[in-house]
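# Structure assessment
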Amino acid sequence: MIVSTTSSIEGRPAKEYLGVVAGEAILGANLFRDLFAGIRDIIGGRSGSYEQILREARETAIREMTEAARARGADAVIGVDIDYETVGEGSSMLMVTASGTAVRLG
């Protein structure tokens, strides 16, 4: 499955548009991860634990989106957009959504 943020795939025109597809992932950040991230904020540096959560959430959202596209008979998703939001009480959850247009390529 080709996944692209562009509106077309060079040399492979879309012969059929199959509609918008999306995938979502909502993950909670645990207390210890928050504590260590807070320490990183004070002393500086990157928060590897949060980076890992973001990576996992993004991969999950893209996987769900491509599964939805495959179920429609698509061989590519174009115009992909990935959004990050915090949700829940105290913004304790991270939501990542991936959406795009499922197409059959020529």
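Residues numbered from 1 in each chain as written. Predicted model: local features only at pLDDT ≥ 70, side-chain atom pairs only at ≥ 80, totals over all residues. Heavy atoms only, no water.

## Topic: the pairing of strand β4 (residues 93–105)
Pairing analysis gives 13 bridges linking strand β2 (residues 14–28) to β4, with the strands arranged antiparallel. The residue of β4 that forms the bridge with Glu-24 is Thr-97. When strand β3 (residues 76–87) meets β4, the two strands line up antiparallel, connected through 10 bridges. Each residue of the ladder has a partner; that of Ile-78, found in β4, is Thr-101. (Pairing = 2+ DSSP bridges. Helix = DSSP H or I, 4+ residues; strand = E, 2+ residues; numbered from the N terminus.)

## What about the sheet that holds strand β1 (residues 2–3)?
Spatially, β1-β3-β4-β2 is the arrangement adopted by the 4 strands of the open sheet, whose pairing is mixed. Among the strands making up the open sheet, the edge pair consists of β1 and β2.

## A word on the environment of Glu-67
Position of Glu-67 relative to the elements: it lies in helix α2 (residues 48–71). Judged by its relative accessible area of 45%, Glu-67 falls in the partly exposed class. Counting along the chain gives 44 residues from Glu-67 to Gly-23, while the straight-line C-alpha distance between them is 8.6 Å. (Buried < 20%, exposed > 50% of the residue type's maximum accessible area, 1.4 Å probe, protein only.)

## Some remarks on the nonpolar core
Residues Val-21, Met-65, Ala-69, Val-77 and Ala-102 are the most contacted members of the largest nonpolar core, which totals 15 residues. For this core, the secondary-structure elements that each account for two or more residues are β2, α2, β3 and β4. Element by element, the count of residues in this core is highest for α2, at 5 residues. When neighbours within four sequence positions are excluded, Val-77 is seen to be in contact with Met-1, Ile-2, Val-3, Ser-4, Val-21, Met-65, Ala-69, Gly-100, Thr-101 and Ala-102. Counting residues in each nonpolar core, the second largest holds 5 residues, with Ile-9, Ala-76, Val-103 and Leu-105 among its members. (Core = buried A, V, L, I, M, F, W, Y, C linked by side-chain atoms within 4.5 Å. Contact = heavy atoms within 4.5 Å.)

## Things to note about the pairing of β3
Summarising the sheet, β1 and β3 pair through 2 bridges and their orientation is parallel. Each residue of the ladder has a partner; that of Val-3, found in β3, is Val-77.

## Observations regarding the side chain of Thr-66
Looking at the secondary structure, you find Thr-66 in helix α2. Leaving out residues up to four positions away in the same chain, Thr-66 has contacts with Met-1 and Val-3.

## A look at the pattern of salt bridges
A full pass over the atoms with the stated rule returns 1 salt bridge. Across the pair Arg-104 and Glu-16 runs a salt bridge, and its minimum N-O distance is 2.4 Å. Taken together, the positions of Arg-104 in strand β4 and Glu-16 in strand β2 put the pair 88 residues apart, joining distant regions of the chain. For Arg-104, a relative accessible area of 26% gives the class partly exposed. With a relative accessible area of 34%, Glu-16 lands in the partly exposed category. (Salt bridge = Lys/Arg side-chain N within 4 Å of Asp/Glu carboxyl O.)

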